[in-house]
Amino acid sequence: TAAPAPRVATPIGREKPLPERHILVVDDTRAGALTLGWLLGAIGQRVSIANDAATALAIARDERPDIVISDIGMPDIDGYETARRIRAGHRAVRLIALTGHNRPEDRERVIAEGFDAHLVKPVDPARLFTILGGLS
């Protein structure tokens, strides 16, 4: 007999699971990155984590993730520049900005800088799942 298909958690508010994708989480706050990575893993995503831009760029180059969720306010190279460099080497990647700022001008800048979506800290799981579902 064949083994049963692996069970994948369905995000709250969704009728079916999200497709499995490789998601790179970039955040200089280790606890935040690990928590977001855990949440993504719990819904069946393959996750890589970077706590600085240099590591994120190396992972993006070597592993070519489907989606990058990047903090904007990082100390070495900010999220805008990190996203530009990742997109230059991997045009098909989808980019989600992760920031503590939620003013209209913040959201507008994120989109103008080439991100596909804007996600506010602390992350609302329902909003995250909605964004991921829209990137399918």
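Note that the coordinates shown come from a computational prediction; the quantities given were computed from them, not determined experimentally.

Cut-off values and rules
- Residues numbered from 1 in each chain as written.
- Predicted model: local features only at pLDDT ≥ 70, side-chain atom pairs only at ≥ 80, totals over all residues.
- Heavy atoms only, no water.
- Buried < 20%, exposed > 50% of the residue type's maximum accessible area, 1.4 Å probe, protein only.
- Helix = DSSP H or I, 4+ residues; strand = E, 2+ residues; numbered from the N terminus.
- Pairing = 2+ DSSP bridges.
- Phe/Tyr/Trp six-rings, centres within 6.5 Å; stacked < 30°, edge-to-face > 60°.
- pLDDT = per-residue confidence, 0-100.
- Contact = heavy atoms within 4.5 Å.
- Axes fitted to C-alpha atoms, helices over the stretch in contact; angles between N-to-C directions.

In terms of burial, strand S3 (residues 67-71) is largely enclosed, as five of its five residues are buried. Side chains of S3 alternate between two faces, with Ile-67, Ile-69 and Asp-71 and Val-68 and Ser-70 buried alike. Taken together, the four bridges between strand S1 (residues 22-26) and S3 define a ladder with parallel strand orientation. The partner of Ile-23 across the bridge, within S3, is Ile-67. Summarising the sheet, S3 and strand S4 (residues 94-99) pair through five bridges and their orientation is parallel.

On inspection of all chains with the given rule, the structure shows one aromatic pair. Here Tyr-80 and Phe-115 contribute two aromatic rings whose centre-to-centre distance is 6.2 Å and whose plane-to-plane angle is 75°, an arrangement assigned as edge-to-face. Here Phe-115 lies in the loop between helix H4 (104-112) and strand S5 (117-120) and Tyr-80 lies in helix H3 (residues 79-89), a separation of 35 residues in the sequence. A residue is classified by how much of its surface remains accessible, and Phe-115, at 3% relative accessible area, is buried.

What follows deals with the confidence of the model for the protein. Per-residue confidence for the protein gives a mean pLDDT of 90; residues scoring 70 or more make up 88%. Of the regions scoring below 50 in pLDDT, residues 2-7 engages in zero contacts with residues more than four places distant in sequence or in other chains.

Strand pairing in a sheet takes place through backbone hydrogen bonds and is either antiparallel or parallel in direction. A sheet is described by the order of its strands in space; here five strands give the open sequence S2-S1-S3-S4-S5, paired in parallel fashion. Only two strands of the sheet have a single neighbouring strand rather than two, namely strand S2 (46-50) and S5. Strand after strand, the sheet turns through a mean of 20° between neighbouring axes, direction not considered. Two elements, S4 and S5, share four bridges in a ladder whose sense is parallel.

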